[in-house]
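# Residue-level structure breakdown
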There are 2 protein chains.
Amino acid sequence: TRAVLTTRDGRCSGYGTGPAGNPTSAGPDAAMAAMSTAAGAAARQAEVSLDGVEAVMVAMAGVRTLLDPADLARTLGFTGPLGQLRTTGDVAATYFSGTVEPAGCVVVAGTGSCAGQVRGGVVVRSVGGSGWLLGDGGSGFAVGHAVVRAVVAQLEGTGPATALTALLLDDLGIAHDGALTADGRPTALGALVPTLYRGRPVALARYAPLAFAALGDPVADGIVAGAQDALAALITAVRADAWVGPLVMGGGTVSGGLLAPGVARTLALRLALEGADVRLVRDGAVGAAALALTAETSRLDDAGLDRLRAGVEALRTA
Amino acid sequence: TRAVLTTRDGRCSGYGTGPAGNPTSAGPDAAMAAMSTAAGAAARQAEVSLDGVEAVMVAMAGVRTLLDPADLARTLGFTGPLGQLRTTGDVAATYFSGTVEPAGCVVVAGTGSCAGQVRGGVVVRSVGGSGWLLGDGGSGFAVGHAVVRAVVAQLEGTGPATALTALLLDDLGIAHDGALTADGRPTALGALVPTLYRGRPVALARYAPLAFAALGDPVADGIVAGAQDALAALITAVRADAWVGPLVMGGGTVSGGLLAPGVARTLALRLALEGADVRLVRDGAVGAAALALTAETSRLDDAGLDRLRAGVEALRTA
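To keep things clear, this report deals only with the structure shown in the data block. Keep in mind that what you see is a predicted model, and the values were worked out from it rather than measured. (Residues numbered from 1 in each chain as written. Chains lettered and ligands numbered in written order. Predicted model: local features only at pLDDT ≥ 70, side-chain atom pairs only at ≥ 80, totals over all residues. Heavy atoms only, no water.)

Helices and strands together make up the secondary structure of chain A, namely 15 helices and 9 strands. Taking 2.2 N^0.38 as the reference for a compact globule, 318 residues should give roughly 20 Å; the C-alpha atoms of chain A span a radius of gyration of 21 Å, in line with that estimate. By principal-axis analysis of the C-alpha atoms, chain A measures approximately 70 × 45 × 35 Å. Counted over contacts in chain A with a minimum sequence separation of 6, partners at least 24 positions apart contribute 66%. Per element, the accessible surface of chain A, about 13300 Å² overall, is 55% carbon and sulfur. Here chain A contributes 23 positive and 27 negative side-chain charges, whose respective centroids are spaced 3 Å apart. (Helix = DSSP H or I, 4+ residues; strand = E, 2+ residues; numbered from the N terminus. Rg over C-alpha atoms; globule rule 2.2 N^0.38 Å. Contact = heavy atoms within 4.5 Å. Areas by Shrake-Rupley, 256 points an atom, 1.4 Å probe, with all protein chains shown as cover. Lys, Arg positive; Asp, Glu negative; His and termini not counted. Charge placed at Lys NZ, Arg CZ, Asp CG, Glu CD.)

The structure is reproduced here in structure tokens:
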């Protein structure tokens, strides 16, 4: 959870973070607490009080259906008119992190994945976002899940040997010395399986970086290629027949792996990206700030968005 | 959960069923209650009292680590010496449902999947059984999960049209009239996704039969072919270099779909089965009874196993 505090003229004066707080998966209370932490940190950095804030934009998946505006205002210490506390989805915020154009497309692949088509400044078509069990192709969960399944398959003997096995077992501190139990199972498998069931399934996203670390290994290459194909399917499903406006792409799985420099792209992904004006963004933090500004003042221009982005990046890395 | 009551000379005198009761997924109490129900029903059919039973074999995944023998005896009303209440895994029971040979292989694909190599009457090598999240290739969960993901992909626009969509939506009573929400999603998708998240993930196994019902549809054919390949991987992993003894195959997903008459077999599955002496069985009920008998008396011969199987089948269908 990230909070950006700006002046009326679009200069970033504070940036803060809180824990993960998706209201759908973590619950409304955790989401509120995470926002409060992030907003408080941003205000402290800007050396202002939150009750002096004029307008707020909360960008989060599920924010409109799961969180109450009055509760949000109380949580954030926002004392202005409730009409100036606005909400939007994470897809729109990611899009406006990358462009000021009112029409274009956006694809987000972080822990989950989804895509949107924007027309007239609003998302008019959504694809994906069906969650780890039913969809989320190309997501960090999909990649991390494929990593752990590939390791289990090697240890069971149903899948090929892969460099991912040593990486995962080392990561978890599980010995892989080839020892077997009485019924012929590797003892490493007996330690690994209960460890992986212990957390929430979606937490398997944390193993996605192992696939990118093991590139060159055929199994890891196959996992990354499958995720790129799924990303291509999202892009193809959400674009119109011809590209209109930019394609904003964000989320840790996009920038940290699927489109990372030097990573080979599948044919499907190359075809899906053909002719696209791609803008990579980290997340929706800049876009949420941009939406807060444009709701209160006039439309932001390219220079204004660049200034805002540079300001946020400067405080992020400070 | 199934219970078989036999006489000392191997004639089946009672058969009863209870609800599903895997101690790992449903908990020890539910497993105990399910066994009590099944055993009680078998005793009523045989018109005997359970306290006259001389020996018990409890065959169940996880029975040795999760259930206490004294608790089991109390639950089943077994008043004989505790040494005559024995336990074994579901894999061994399935194997001995199909053969009296002390050496061979067994593959089970029901809701989950696993395989075992038997030598000297005991399972010396186990493969699979890592559960729905990490393994279970070729299982009812794997097939049912693939079915619902294919339907979600079609409705999202990331996957091809498939006959599975109408089958699943009709099954769930969800209208599929092509209506869209404001952000361009099919309303059917909005109804489907929360419905599928509501249950436990493993419950998606209940949609596996839709894949077999839709054979001829390319998406359904692909799902079944993928499950057959996974079954082939299990078989290849568990057999020795050459076949020794029979290959017993059991579980609803094997007999109800992957090896059903008229279902085309993938190259991998044909190669895996080459030279195998395949015996299809329904489950481990006959094998548990056979193990109870052989622990108390001498080894069962083929004729004895056939008589036991015929007796169980007669009472099952009565």
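Turning our attention to the interface of chain B and chain A. Contacts between chain B and chain A engage 33 residues on the former and 33 residues on the latter. Interface of chain B and chain A: buried area, both sides summed, is about 2800 Å²; carbon and sulfur atoms make up 52% of it. In this structure, the connection of chain B to chain A is made through 0 salt bridges. Summed over the shared surface of chain B and chain A, the number is 20 residue pairs in polar contact (both at pLDDT 80 or more). For the side of chain B that touches chain A, the elements supplying multiple residues, two or more each, are β7 (122-128), α6 (131-134), α7 (140-156), α9 (187-198) and α11 (218-238) of chain B. The element contributing the most residues to the side of chain B that touches chain A is β7(B), with 6 residues. Broken down by class, the residue content of the side of chain B that touches chain A amounts to 18 nonpolar, 10 polar and 5 charged. (Buried area = accessible area lost by both parts, 1.4 Å probe. Salt bridge = Lys/Arg side-chain N within 4 Å of Asp/Glu carboxyl O. Polar contact = N/O pair within 3.5 Å; in protein donor to acceptor, adjacent residues only side chain to side chain. Nonpolar A, V, L, I, M, F, W, Y, C, P; charged D, E, K, R; others polar.)

Note on the identical chains: chain B maps onto chain A by a rotation of 180° and an axial translation of 0.0 Å, with an RMSD of 0.1 Å. When the rotation and shift are considered jointly, the pair of chain copies conforms to a two-fold rotation axis. Ranked by how close their C-alpha atoms come to the rotation axis, the residues of chain B are headed by L133(B), at 4.8 Å. By residue overlap, the copies meet face to face through one surface: 100% of the interface positions of chain B are interface positions in chain A. (Least-squares fit on C-alpha atoms with pLDDT ≥ 70 in both.)

Our next topic: the nonpolar core. As a rule of thumb, nonpolar side chains are buried together in soluble globular proteins. Counting residues in hydrophobic clusters, the biggest one holds 112 residues, and the most contacted among them are L164(A), I235(A), L164(B) and I235(B). With residues up to four places along the chain from it excluded, the contact list for I235(B) reads V107(B), W243(B), L247(B), M249(B), L269(B), A272(B) and L273(B). (Core = buried A, V, L, I, M, F, W, Y, C linked by side-chain atoms within 4.5 Å. Buried < 20%, exposed > 50% of the residue type's maximum accessible area, 1.4 Å probe, protein only.)

Residues and elements named next belong to chain A. One non-glycine residue, E47, lies in positive phi territory at about 55°. Judged by relative accessible area, which is 73%, E47 ranks as exposed. The phi dihedral of D136 is positive, around 60°, even though this residue is not glycine. Mapped onto the elements, D136 comes out in the loop between α6 (131-134) and α7 (140-156). You can call D136 buried: its relative accessible area is 8%.

This part takes up the sheet that holds strand β5 (residues 104-109) of chain B. All names here are of chain B. Reading across the sheet, the 5 strands line up as β7-β6-β5-β8-β9 and stay open at both edges, with mixed pairing between neighbours. The open sheet terminates on both sides in strands that have one partner only, identified here as β7 and β9 (278-281). Looking at each pair of strands side by side, their axes are set apart by 20° on average, direction ignored. The pairing of β5 with strand β8 (residues 247-250) spans 4 bridges and is parallel. Its bridge partner being in β8, V106 is matched across the sheet by V248. Across the sheet, helix α5 (residues 90-98) is in contact with β5, β6 (113-119), β7, β8 and β9; its angle to β5 comes to roughly 115°. (Pairing = 2+ DSSP bridges. Axes fitted to C-alpha atoms, helices over the stretch in contact; angles between N-to-C directions.)

Structurally, the position occupied by S36(A) is in helix α2 (residues 28-46). The contacts of S36(A), once residues within four sequence positions are left out, are T75(A) and L76(A).

Attention shifts here to the packing of helix α8 (residues 163-172) of chain B against α9(B). Residues and elements named next belong to chain B. At their nearest, the axes of α8 and α9 sit 11 Å apart, and the two run at 65° to each other. The angle between the axes of α8 and α9 places the two elements in the roughly perpendicular class. Crossing handedness for the pair α8 and α9: left-handed. Of α9, the residues touching α8 (which contributes L168, L169 and L172) are A188, L192, T195 and L196. Residue classes in the contact of α8 with α9 are distributed as 6 nonpolar, 1 polar and no charged. (Parallel < 35°, antiparallel > 145°, perpendicular 65-115°, else oblique. Left-handed = near helix turned anticlockwise from the far one by under 90°.)

Take the pattern of salt bridges next. Counting across every chain of the model gives 22 salt bridges over all chains. Among the ionic pairs, D277(B) bridges to R279(B), the shortest N-O distance being 2.8 Å. The salt bridge involving D306(B) is made with R309(B); its shortest N-O contact spans 3.0 Å. With D306(B) and R309(B) both in helix α15 (residues 302-316), this residue pair falls 3 residues apart, about one helical turn. Salt bridges sharing common partners tie together R2(A), R282(A), D283(A), E313(A) and R316(A).

Turning next to α9(B). Since the α-helix packs 3.6 residues into each turn, any two residues three or four apart lie on the same face. Residues and elements named next belong to chain B. Taking 1.5 Å per residue as the helical rise, α9 with its 12 residues ought to reach 16 Å, and the 18 Å between its terminal C-alpha atoms agrees with that figure. Taken residue by residue, α9 has A188, L189, L192, V193 and L196 as its buried positions. When α9 is viewed along its axis, its buried side chains cluster within an angular range of 120° and face the same direction. Among the exposed residues of α9, those oriented more than 90 degrees off its buried face are G190 and R198. (Expected span 1.5 Å × (residues − 1). Arc of directions from axis to C-beta.)

For the rest of this paragraph, the subject is the side chain of Q117(B). All names here are of chain B. Topologically, Q117 is positioned in strand β6. Residue Q117 is classed as buried on the basis of its relative accessible area of 10%. Within the local environment of Q117, its side chain forms a polar contact with the backbone oxygen of V238, the two atoms lying 2.8 Å apart. Beyond its immediate sequence surroundings of up to four residues, Q117 is in contact with G104, C105, V122, V123, V124, R125, V238, R239 and A240.

All right, on to the packing of aromatic side chains then. In the structure shown here, the tally under the stated rule is 7 aromatic pairs over all chains. For the ring pair W132(A) and W132(B), a centre distance of 6.1 Å and an interplane angle of 35° mean the geometry is tilted. With one member in each of two chains, W132(A) in helix α6 and W132(B) in helix α6 form a pair that bridges those chains. Across this residue pair, the class does not change: W132(A) and W132(B) are buried. Geometrically, the ring pair formed by W132(A) and Y197(B) is edge-to-face, given 6.4 Å between the ring centres and 70° between the ring planes. Note that W132(A) is positioned in helix α6 and Y197(B) in helix α9, a pairing that runs across two chains. For W132(A), a relative accessible area of 18% translates into the label buried. Every member of this aromatic cluster is reached through a ring pair, and the members are W132(A), F141(A), Y197(A), W132(B), F141(B) and Y197(B). Here the guanidinium or amino end of R239(A) rests over the ring plane of W243(A), the centre of that ring lying 4.4 Å away. (Phe/Tyr/Trp six-rings, centres within 6.5 Å; stacked < 30°, edge-to-face > 60°. Lys NZ or Arg CZ within 6 Å of the ring centre and 35° of its normal.)

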